[in-house]
Amino acid sequence: MKVEKLTTKQLSIPYIDESKSDWTDQLGVQLYIKCDTDKVTGWGETLVGGGVVNSYRSVIENLIMKLISGETVQDVNVVTEKLEKSLFTAGLCGIANSAISGVDMALWDAHAKENAKPISDMIGGAKRGRIPVHATLPRYSSIDQLLIAVRNSINRGFTLIKLHQPPGMTIDSVREIRKKFGKEVGLAIDLNALYDVARGREFLRNIRRYEPEWVEEPLWPPNDYDSLGLLTKNTDVPIAVGENEYSVYGFKRIIEAGTSVIQPDISRVGGLRHFLEIIELAKSFKVNIAPHLGIHRSAISFAVTLQVAAARPEITTVEHCLATYPSDIFTGLGKAVNGEVDLPRGDGLGIQINENGFKGYKYHDRFRLLEFSDLQKPRGAA
Ligand SMILES: [Mg+2]
C-alpha cells in the first residue's frame, strides 16, 4: 500500500456517565493517528500519559511522518522496525514507543482494509466471536456515586469490574460493594503503583477476605522487579502488572517475578507484532493476559485489542470503559452481555470512525494531572 499522508488528531472526550466521577476532565486527552493511503483510511491511537500530548505529537510529526509519508509499505512490521531503529536512542519506552504503537495501529488498520479483511483475519483468523471484557471504573470519592456505577456496570452486562478508588478509601469501597452486591460482580483493584513491599503486604492481607480477581500495580516504582518478586512470594492474592511495561523483555521479568496476570497495552508496547510476542510469552508461562486500555471513552485501541483477542483466545479479558463510547464518533461496537461483547465485524479495526463527530470534542489545552494517590499530598499542598 502507498501511504499518502499521516496526520494526528487531538480531541478532548470528557468522561461523562450517570455517576459523577472525580476524573471527568482529566480523562479528556485523546491522540489519534490517521493514515491515508491511495485507497483507504486507517486509524490508530496513542495512550497519552501525564497529559503531555504535544510530546507524543512531536515524535510523530517531526520524525515518523517524514520517514513514512509517500512510502510504499509491503510489510507493516518492517516499517515499525525501521521506526524502532530510528528512535531507540530516545528510549524504546514511554513516549517514543507509544508514538510508534499508534502509527503501527493505523498502518495495520489501513493494510487490513486494503485487503478487505478485519485485523483478526490478518493474524490467523478469529477463533471466537465473543470476547470477555471487564468494566473499568474511574475514581469516585463518593461511595454513593461508586455504588451507582457498580449498579450500572451490572445493568450494562458486565460481570467483572475494576476499581480506581482513592487508596485511602479502597478497603471501605470494596467492603461496601460486597455488602450491597455480594458476589454478583467480580472485583479487581487497581492501586496504580502505590506502596512499598511492607505496605503492599499489609494491603493484601486486608483485601484478601474480599476475594479480589486481582490487585493491580501494588508497588512503586512499577518496574522494581525484585520487590515485586518479594510481594508475590508471600501472598495468594493474584497480582496484575504490565500497563507500564514497554518491551517483551520487561514482560518476561514481571512474569518471572511471580505476576499472575499481565496487562500489555497495544497503544504502548510498540505495535501489533510485539503485542503478539508478549501473548506467546505469557502462554508459555501459563499466566493470564488481561490487556490494559485507558479508562477514557475512546474505542480505537479497544477495537484493535478485540481483534487480537478474537484471534488469540489466550486473552482472558479485555478492559472496557464503563461509560458508553461516543456514538457520534464510533459505530459498530456491541453492548456487553454476560461479561462479553461481540467482535465488531467490519474490516480493519472492525468499527467505523466518523471524523465529523470530532467537531463535538474539540481539544482543550489545559493542565491535566491524573493524580492517583490520596495518601501523600505534594509538598506545600493544603
Ligand atoms: Mg491500571
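Residues numbered from 1 in each chain as written. Predicted model: local features only at pLDDT ≥ 70, side-chain atom pairs only at ≥ 80, totals over all residues. Heavy atoms only, no water.

Concerning the pattern of salt bridges
No. 1: A complete count under the given rule lists 24 salt bridges for this structure.
No. 2: When the shortest N-O distance is used, the salt bridge between Lys-162 and Asp-190 registers 3.7 Å. Taken together, the residues span a long stretch of sequence, with Lys-162 in strand S5 (residues 160-163) and Asp-190 in strand S6 (residues 186-190) at a distance of 28 residues. Each of the two residues, Lys-162 as well as Asp-190, counts as buried.
No. 3: Ionic contacts of the salt-bridge type, sharing partners, join the residues Lys-9, Lys-34, Asp-36 and Glu-355 into one network. (Salt bridge = Lys/Arg side-chain N within 4 Å of Asp/Glu carboxyl O. Helix = DSSP H or I, 4+ residues; strand = E, 2+ residues; numbered from the N terminus. Buried < 20%, exposed > 50% of the residue type's maximum accessible area, 1.4 Å probe, protein only.)

Looking at the coordination of the magnesium ion
No. 1: Within the protein, the atoms that donate to the magnesium ion are Asp-190 (OD), Glu-216 (OE) and Glu-243 (OE), at distances of 1.9 to 2.1 Å.
No. 2: Between consecutive donors of the magnesium ion, the numbers of intervening residues give the motif D-x25-E-x26-E. One end of the pair, Asp-190, is in strand S6; the other, Glu-243, is in the loop between strand S8 (239-241) and helix H9 (248-256), and 53 residues separate them in sequence. Neither residue differs from the other here; Asp-190 and Glu-243 are each classed as buried. (Donors = N, O, S within 2.8 Å, 3.2 Å for Na, K, Ca; no water.)

Notes on the environment of Pro-212
No. 1: Mapping Pro-212 onto the fold places it in the loop between helix H7 (197-207) and strand S7 (214-216).
No. 2: The buried category is assigned to Pro-212, whose relative accessible area is 10%.
No. 3: Those residues in contact with Pro-212 that sit more than four places away from it in its chain are Leu-187, Ile-189, Ile-207, Val-237 and Pro-238. (Contact = heavy atoms within 4.5 Å.)

Things to note about the nonpolar core
No. 1: Counting residues in each nonpolar core, the largest one holds 121 residues, and the members touching the most others are Ile-64 and Leu-137.
No. 2: No other element matches helix H3 (residues 94-114), which puts 10 residues into this core.
No. 3: When residues of this core are assigned to domains, at least three map to each of domain 1 (3-117) and domain 2 (121-355).
No. 4: If we skip the residues at most four places from it in the chain, Leu-137 touches Leu-146, Ala-149, Val-150, Ser-153, Ile-161, Lys-162, Leu-163, His-164, Ile-295 and Leu-322. (Core = buried A, V, L, I, M, F, W, Y, C linked by side-chain atoms within 4.5 Å. Domains from an automatic or database assignment.)

Focus: the environment of Arg-268
No. 1: Positionally, Arg-268 belongs in the loop between strand S9 (261-262) and helix H10 (272-285).
No. 2: In this structure Arg-268 comes out as buried when scored by relative accessible area, which is 8%.
No. 3: The sequence separation of Arg-268 and Leu-293 amounts to 25 residues, and the corresponding C-alpha distance is 9.7 Å.
No. 4: Residue contacts for Arg-268: discarding those within four places in its chain leaves Leu-47, Gly-49, Asn-97, Ser-98, Ser-101, Glu-243, Asn-244 and Tyr-246.
No. 5: Reaching out from Arg-268, the side chain makes a polar contact with the side chain of Asn-244 at a distance of 3.3 Å. (Polar contact = N/O pair within 3.5 Å; in protein donor to acceptor, adjacent residues only side chain to side chain.)

Details of the domain arrangement of the protein
No. 1: Structurally, the protein comprises domain 1 (3-117) and domain 2 (121-355).
No. 2: Where domain 1 abuts domain 2, roughly 3,800 Å² becomes buried across the two surfaces, and 58% of that area is made up of carbon and sulfur atoms.
No. 3: The largest per-residue losses of area from domain 1 upon contact with domain 2 belong to Tyr-15, Trp-23 and Leu-47, which jointly make up 17% of the total buried on that side.
No. 4: Linking domain 1 with domain 2 are 4 salt bridges, by the criterion used here.
No. 5: Notably, a salt bridge pairs Lys-34 with Glu-355, separated by 3.0 Å at the nearest N-O pair.
No. 6: In this structure, the connection of domain 1 to domain 2 is made through 23 residue pairs in polar contact (both at pLDDT 80 or more). (Buried area = accessible area lost by both parts, 1.4 Å probe.)

Examining the pairing of S6
No. 1: Summarising burial for S6: 5 of the 5 residues are buried, a large majority.
No. 2: Alternating residues of S6 divide into Gly-186, Ala-188 and Asp-190 and Leu-187 and Ile-189, and every residue in both groups is buried.
No. 3: Note: S5 against S6, 4 bridges, orientation parallel. Following the sheet pairing, Leu-160 is matched in S6 by Gly-186.
No. 4: Considered for its hand, the β-α-β crossover made up of S5, helix H6 (residues 170-181) and S6 is right-handed.
No. 5: Considered for its hand, the β-α-β crossover made up of S6, H7 and S7 is right-handed. (Pairing = 2+ DSSP bridges. Right-handed = clockwise from strand over helix to strand, strands pointing away.)

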